[in-house]
Amino acid sequence: MQLSREALLRAYRQMKVIREFEERLHTDIQTGEIAGFTHLYCGQEAVAVGVCEHLSVEDKIVSTHRGHGHCLAKGCDVNGMMKEIWGSREGLCKGKGGSMHIADIDKGMLGANGIVGAGSPIAVGAGIACKIDGKGHVAITFSGDGACNQGTTFEAMNMAVVTKAATIFVFENNHYSEHTGFEYAVGTQRDIASRAEAFGMKVWRGDGTDFFSVFETMREVLEYVRTPGNGPAAVEFDTERFFGHFEGDPQRYRGPGELDRIREFRDCLKNFRKSVTDAGVLDHADLDALDAEVLEAIEESVRQAKAADRPTAEDVLTDVYISY
Amino acid sequence: MPKMMYRDAVVTTIAEEMARDENVVCLGEDIVGGMGTPGGPEAIGGIWSTSTGLFGKFGADRVIDTPISESAIMGAAAGLALSGKRPIAELMFADFIGVSLDQIWNQLAKFRYMFGGKTKCPAVIRMAYGAGYNAAAQHSQAVHQILTGMPGLKVVMPSTPADVKGLLRTAIRDDDPVIFLEHKALYGMSGEVPDDPEYMIPFGHARLSRAGQDVTIVSTGLLLGFCEAVADRLAAEGIGCDVIDLRTTSPLDEETILDSVEVTGRLIVVDEAPPRCSLAGDICALVAEKAFAALKAPPLAVNPPHTPVPFARELESAYLPSVDKIEAAVRKVLAYR
Ligand SMILES: Cc1ncc(C[n+]2csc(CCOP(=O)(O)OP(=O)(O)O)c2C)c(N)n1
Ligand SMILES: [Mg+2]
């Protein structure tokens, strides 16, 4: 474990923020106070954090409908995000976008996206911009095992290769696209990375429930893509989603005991805690203190979201070049 | 007549037509649901429950669960239609026409004409549209104005469970590509539905859902119910409204609209899509052109504003036409001069 104590604490805190943010949303959505469609990232935290801990604000990411984790990991403000999801005009997107459209361009977060497969072409453009600027920055697109079947994803992979875009395709394989299993929907024998390879990219694979696997894999991937002349790369992380596809999904497609099993054995936070305490680099008290601090930060974000200004009818007509 | 929900009218009509004609096949994302999962096929249907039970009845060859590949789904529908099948393809959200538009617009819609009439193209493209769920800019749109403007397509917008039945059957048996727009906020609507397995409603025939002498209100889809509510409110004051449910926006029943305006001299058109180049604007222009002499007031279009659909509750409800906004529009037209 080459990471410093500070870096480890930071990574754990980032993952914990995402976890508690999502757990809290899961609870608050039951009350009916939060509108719209919400897709929770719980279970996949190690991917977002293992990727984004390597990035600076100049590096760009493009996200998905399941975007809260990517946003938080890239540095979006917890309070601004909670307010957005609650539909406040003080939210990161003034209550106009909601859960599926959180963006913070200044942070290099080019947007969650409601259209499956829409993100990758955007990341090709951002990756070409990085190449032109020549400062070693990269653009990263997150896609699911469902999004990898979209023509836009195929086009983006080929175009990234031929333009030598500084783009990284991160595939988060959580085994399901909505209610459909990846064994049915992905034709390449349970394997997404091999597709990217066929497009001419160097590919990596890692365990998306293990922060260290993601972090170390990404170190190599980033070193490769940041090197001028190399062009894009792809990586597939095997991971789990702990909640339904969207809030309200009865999840009848899961096997008996599946949710308990993945919560028990495939929980990136539990795995992290075990690794660092077994290795004696952090102790439980360090992590418990962070847990408490994070819970309070999430509580505060909800307090703020509930108290924040609501948008008004006039707000409908702003932020568009012309409205009638 | 039995009572049935709008969504069940979709499923039962598809099932009846699949049983009647083995060339009818369905395809779409999660229309079986559970494929390749521990729960197995039909563990859970599509998100709108508009295909429940079809897989069990008709099997994997005719009920095709697809990957997330809208362009290929629409293209496959086109290829099936050119190969003697009668595909019913589902887009989970109408907004996803963005991903698949070429196959609908440049392929399906144009085959019969471009090929000099040498082919039929019997495909139905079903899609859930409309706002009301705070699903924001990419999952809430009404897209009929885009599709109605495309020569070669027929466009259907049922407002009741009975109309789903009659219009969907007509769509499936039609030899041209038909866009079938189902409003998500109507899926749970219950109503009487004829159980005649031959019940069909011809395209291009609007339905008069309220009759009155003072003003003509034209609409369809979710907003039709809002217009009926306004007509009922005003009836209590002795103001009579003709409420016309278009049922199909292409072909358009010009005659019913013009006949009504000849009597009332006043028109409002209530439309869920943005105002520019809209169905409402189009019908106002039609009436201005063909019933000018009968008009006692300028025709009035009621649309949402020219903005994307916003997320927050307050914003979305300010965005959508409401019963109050429609009533105000009717009063404005009545008060003219
Ligand atoms: C173009 C498009 N098609 C379909 C959908 C509906 N939809 C939203 S998420 C989703 C599944 C995506 O699966 P995956 O890419 O594996 O991401 P995950 O949900 O597992 O994070 C589907 C079908 C959509 N939003 N956009
Ligand atoms: Mg998935």
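From a predicted model like this one, the values you see are computed outputs, not experimental measurements.

Turning our attention to the overall build of chain B. Each helix and strand in chain B was counted, giving twelve helices and 14 strands. Against the globule reference of 20 Å for 337 residues, chain B gives a C-alpha radius of gyration of 20 Å, in line with a compact fold. With the C-alpha coordinates aligned to their principal axes, the bounding extent of chain B is approximately 65 × 45 × 40 Å. A total of 337 residues make up chain B; the buried ones form 59% of that total. The contacts of chain B with a sequence gap of at least 6 include a subset with a gap of at least 24, amounting to 80%. For chain B, the exposed surface amounts to about 12100 Å²; the carbon and sulfur share of it is 55%.

The full set close to ligand 1 counts 22 residues, and His65, Arg66, Gly114 and Gly146 of chain A together with Glu70 of chain B are the nearest of them. The environment around ligand 1 is built from residues contributed by chains A and B. Here ligand 1, which alone exposes 580 Å², has 97% of that area covered by the protein. Residue composition of the shell around ligand 1, by class: eight nonpolar, nine polar and five charged.

Opposite the 53 residues of chain A that make contact, chain B presents 41 residues. When the two sides are added together, the surface that chain A and chain B hide from each other amounts to roughly 3600 Å², 64% of it contributed by carbon and sulfur. When the buried surface of chain A facing chain B is broken down by residue, Tyr184, Val316 and Tyr324 of chain A rank first, second and third, together holding 18% of it. Where chain A packs against chain B, one counts one salt bridge. Linking Glu314 of chain B and Arg310 of chain A is a salt bridge whose minimum nitrogen-to-oxygen distance equals 2.7 Å. Secondary-structure elements contributing two or more residues to the side of chain A that touches chain B are α4 (78-85), β4 (176-177), β5 (180-181) and α7 (182-185) of chain A. Ranked by the residues each element gives to the side of chain A that touches chain B, the list is headed by α7 of chain A, at three residues. Partitioning the side of chain A that touches chain B into residue classes produces 21 nonpolar, 20 polar and twelve charged.

Moving on, we come to the coordination of the magnesium ion (ligand 2). Residue and element names in this part refer to chain A. Within the first shell, the magnesium ion (ligand 2) binds the protein through Asp145 (OD), Asn174 (OD1) and Tyr176 (O), at distances of 2.1 Å. Summarised as a motif, the one-chain spacing of the donors to the magnesium ion (ligand 2) is D-x28-N-x1-Y. One end of the pair, Asp145, is in the loop between β2 (139-144) and α6 (151-163); the other, Tyr176, is in strand β4, with 31 residues separating them in the sequence. Residues Asp145 and Tyr176 agree in their burial class; the two are buried.

Residues and elements named next belong to chain A. Along β2, five of the six residues are buried, which leaves the element largely enclosed by surrounding structure. Here strand β1 (residues 60-62) pairs with β2 via three bridges, running parallel. From the neighbouring strand, Val62 faces β2, where its bridge partner is Thr141. Two elements, β2 and strand β3 (residues 167-173), share six bridges in a ladder whose sense is parallel.

Moving on to the sheet that holds strand β14 (residues 300-302) of chain B. Residue and element names in this part refer to chain B. Here five strands make up an open sheet; going across it, the order is β9-β11-β10-β13-β14 and the pairing mixed. Only two strands of the sheet have a single partner each, and these edge strands are β9 (207-210) and β14. On average, adjacent strands in this sheet sit at an angle of 25 degrees to one another, irrespective of strand direction. Sheet analysis places β9 next to strand β11 (residues 241-245), joined by three bridges and oriented antiparallel. Directly across from Arg210, in β11, lies its bridge partner Val243.

Ranked by size, the top nonpolar core spans 68 residues in total, and within it Leu54, Met127, Leu147 and Ile179 of chain B carry the most contacts. The element that contributes the greatest number of residues to this core is helix α1 (residues 6-20) of chain B, accounting for seven residues. Not counting residues up to four positions away in its chain, the partners in contact with Met127 of chain B are Leu91, Ala94, Ile97, Val143, Leu147, Ile179, Phe180, Leu181 and Glu182 of chain B. Counting 66 residues, the second-largest nonpolar core is a separate cluster that includes Val49, Ala73, Met218 and Phe272 of chain A.

This part covers the environment of Ile322 of chain A. Residue and element names in this part refer to chain A. By the secondary structure assignment, Ile322 is in the segment after α12 (284-307). Taking the relative accessible area as the measure of exposure, Ile322 reaches 31% and is therefore partly exposed. Between the alpha carbons of Ile322 and Pro121 there is a distance of 27 Å; along the sequence they are 201 residues apart.

Moving on, we get to the sheet that holds strand β6 (residues 202-207) of chain A. Residue and element names in this part refer to chain A. Within the open sheet, the five strands sit side by side as β1-β2-β3-β7-β6. Their pairing is parallel. This sheet does not close on itself; its edge strands, each paired only once, are β1 and β6. Neighbour-to-neighbour, the strand axes of the sheet open up by a mean angle of 20 degrees, direction not taken into account. Across the sheet, helix α9 (residues 211-226) is in contact with β2, β3, β6 and β7 (233-238); its angle to β6 comes to roughly 165 degrees.

Bringing the confidence of the model for chain B into the picture now. Per-residue confidence for chain B averages 97 on the pLDDT scale, and 100% of its residues sit at or above 70. For this predicted complex, the interface confidence score (ipTM) comes to 0.96, while the overall pTM stands at 0.97.

What follows deals with unusual backbone geometry. In this model, Ser250 of chain B is joined to Pro251 of chain B through a cis peptide bond whose omega is 0 degrees. Relative to the helices and strands, Pro251 of chain B is located in the loop between β12 (248-250) and α9 (254-264). The residue Lys94 of chain A is not glycine, and still its phi comes out positive at about 60 degrees. Positionally, Lys94 of chain A belongs in the loop between α4 and α5 (119-133). Lys94 of chain A sits in the partly exposed class, given a relative accessible area of 42%. The backbone of Glu42 of chain B sits at a positive phi, close to 65 degrees, despite the residue not being glycine. On the secondary structure map, Glu42 of chain B appears in the loop between β2 (24-29) and α2 (54-58).

Scanning all chains against the criterion turns up 14 aromatic pairs over all chains. Note on Tyr176 of chain A and Tyr253 of chain A: the rings are 4.9 Å apart at their centroids and 50 degrees apart in plane angle, and the pair reads as tilted. Taken together, the residues span a long stretch of sequence, with Tyr176 of chain A in strand β4 and Tyr253 of chain A in the loop between β7 and α10 (258-265) at a distance of 77 residues. Across the pair, Tyr253 of chain A and Tyr176 of chain A agree in class, each one buried. With 5.8 Å between their ring centres and 70 degrees between their planes, Tyr6 of chain B and Tyr187 of chain B make a pair best called edge-to-face. Here the residue Tyr6 of chain B occupies a position in helix α1, and Tyr187 of chain B occupies one in the loop between β7 (178-183) and β8 (190-192), the gap between them amounting to 181 residues.

Rules used throughout
Residues numbered from 1 in each chain as written. Chains lettered and ligands numbered in written order. Predicted model: local features only at pLDDT ≥ 70, side-chain atom pairs only at ≥ 80, totals over all residues. Heavy atoms only, no water. Helix = DSSP H or I, 4+ residues; strand = E, 2+ residues; numbered from the N terminus. Rg over C-alpha atoms; globule rule 2.2 N^0.38 Å. Buried < 20%, exposed > 50% of the residue type's maximum accessible area, 1.4 Å probe, protein only. Contact = heavy atoms within 4.5 Å. Areas by Shrake-Rupley, 256 points an atom, 1.4 Å probe, with all protein chains shown as cover. Near = heavy atom within 4 Å. Nonpolar A, V, L, I, M, F, W, Y, C, P; charged D, E, K, R; others polar. Buried area = accessible area lost by both parts, 1.4 Å probe. Salt bridge = Lys/Arg side-chain N within 4 Å of Asp/Glu carboxyl O. Donors = N, O, S within 2.8 Å, 3.2 Å for Na, K, Ca; no water. Pairing = 2+ DSSP bridges. Axes fitted to C-alpha atoms, helices over the stretch in contact; angles between N-to-C directions. Core = buried A, V, L, I, M, F, W, Y, C linked by side-chain atoms within 4.5 Å. pLDDT = per-residue confidence, 0-100. Phe/Tyr/Trp six-rings, centres within 6.5 Å; stacked < 30°, edge-to-face > 60°.

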